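If you want the building blocks of each chain, they are given just below.
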Amino acid sequence: GDALNSVPATRWTMDDVNNTGRLSDVQLACMQNGGFLAGVHAFANRKFGVSASEAFAMDPQQRILLEAGYAAIHGSCLRQAALLTSDIGVFLGVERAEWGLRIARAASTSSMSAYAATSDASSIAAGRLSCMLGLEGPCESTDTACASTLVAVQAAARALLAAECTRAVVASS
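So, here is what we can say about the structure in this document.

### Remarks on the sheet that holds strand 3 (residues 89–93)
Then, number 1: Strand order in the open sheet formed by three strands is 4-3-5, and the pairing between neighbours is parallel. Two strands lie at the open edges of the sheet, namely strand 4 (139–142) and strand 5 (168–172), each paired on one side alone. Strand after strand, the sheet turns through a mean of 10° between neighbouring axes, direction not considered.
Then, number 2: Examined bridge by bridge, strand 3 and strand 5 share five bridges and lie parallel to one another. Pairing of Gly89 across the sheet is with Ala168, part of strand 5.

### Section: the packing of helix 3 (residues 60–75) against helix 6 (residues 122–133)
Packed helices, taken two at a time, are described by the angle between their axes plus the distance between the axes.
Then, number 1: Packing of helix 3 against helix 6 brings their axes to within 10 Å, and their N-to-C directions diverge by 45°. As the angle between them shows, helix 3 and helix 6 are arranged oblique. Note that helix 3 runs across helix 6; the crossing there is right-handed. Touching Gln62, Leu65, Leu66, Gly69, Tyr70, Ile73 and His74 of helix 3 are Ile124, Ala125, Ala126, Arg128, Leu129, Met132 and Leu133, all from helix 6.
Then, number 2: Across the contact of helix 3 with helix 6, the residue classes tally to ten nonpolar, three polar and one charged.

### Quick word on the environment of Val50
Then, number 1: Structurally, Val50 can be placed in the loop between strand 2 (33–35) and helix 2 (52–57).
Then, number 2: By relative accessible area, which is 9% here, Val50 ends up buried.
Then, number 3: Spatially, the C-alpha atoms of Val50 and Arg63 are 9.9 Å apart, while their sequence positions differ by 13 residues.
Then, number 4: Val50 has contacts with Phe43, Asn45, Ala55, Met58 and Leu66, leaving out every residue within four places of it along the chain.

So, how was this worked out
- Per chain, the residues get numbers from 1 upward, laid out in the order the sequence is written.
- Two thresholds apply to this predicted model, a pLDDT of at least 70 for residue-level local features and 80 or more for giving and counting side-chain atom pairs, whereas whole-chain, interface and lining totals are computed over all residues.
- No hydrogens and no water enter the side-chain calculation; it runs on all heavy atoms of the structure.
- Two strands form a pair only when DSSP identifies at least two bridges running between them.
- Helix and strand definitions here come from DSSP, where helices need a minimum of 4 consecutive H or I residues and strands a minimum of 2 consecutive E residues; each element is numbered from the N-terminal end.
- Whenever a helix is involved, its axis is fitted only over the stretch in contact; in every case the axis is a line through C-alpha atoms, and angles between N-to-C directions fall within 0 to 180 degrees.
- Angular relationships are summarised with four words: roughly parallel below 35 degrees, roughly antiparallel beyond 145, roughly perpendicular across 65 to 115, and oblique for the angles in between.
- Note on convention: the crossing is left-handed when the near helix lies turned anticlockwise from the far helix by less than a right angle, right-handed when the turn is clockwise.
- Contacts: residue pairs with any heavy atoms within 4.5 Å of one another.
- Under the grouping applied here, Gly and all other residues not named as nonpolar or charged are polar, the nonpolar ones being Ala, Val, Leu, Ile, Met, Phe, Trp, Tyr, Cys and Pro and the charged ones Asp, Glu, Lys and Arg.
- Accessible area is worked out with a 1.4 Å probe on protein chains only. A residue is then buried under 20% of its type maximum, exposed over 50%, and partly exposed in between.

Next up, the structure:
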């Protein structure tokens, strides 16, 4: 289905935005619509060794990365035993989302989760997949805004050419 629709009220409202009077009609329209996945909270956390409290705090992009990365690697017919300690590299093009800000607004500092520091850290996103699958190849998350995916593909190609890994997974969030 089409993931483009109005911003769910649980994400943000126009009342949360400062200085809307300075925005054009096009900018206002863009802020009221976006791409949102339904059912993103339906995450099989036990399958990935993630506690329920960590899964609740985890950025949906990281949940999707675990699910899609797992499916991609296992779809290549590699067995779990072949993955453990393999030199498969993981390269992720990622742009920081607003998830951490949203969680911080929803919780007071006294009730913040112990997972707040890693819940949306783009620096550890690729490591989640590597660690969960037992991969020991190069692992990096790259945030270069719009060019993140291209830079991740280039990093994977370089690692393969330099024999730093025999296979690579490239993902984008």
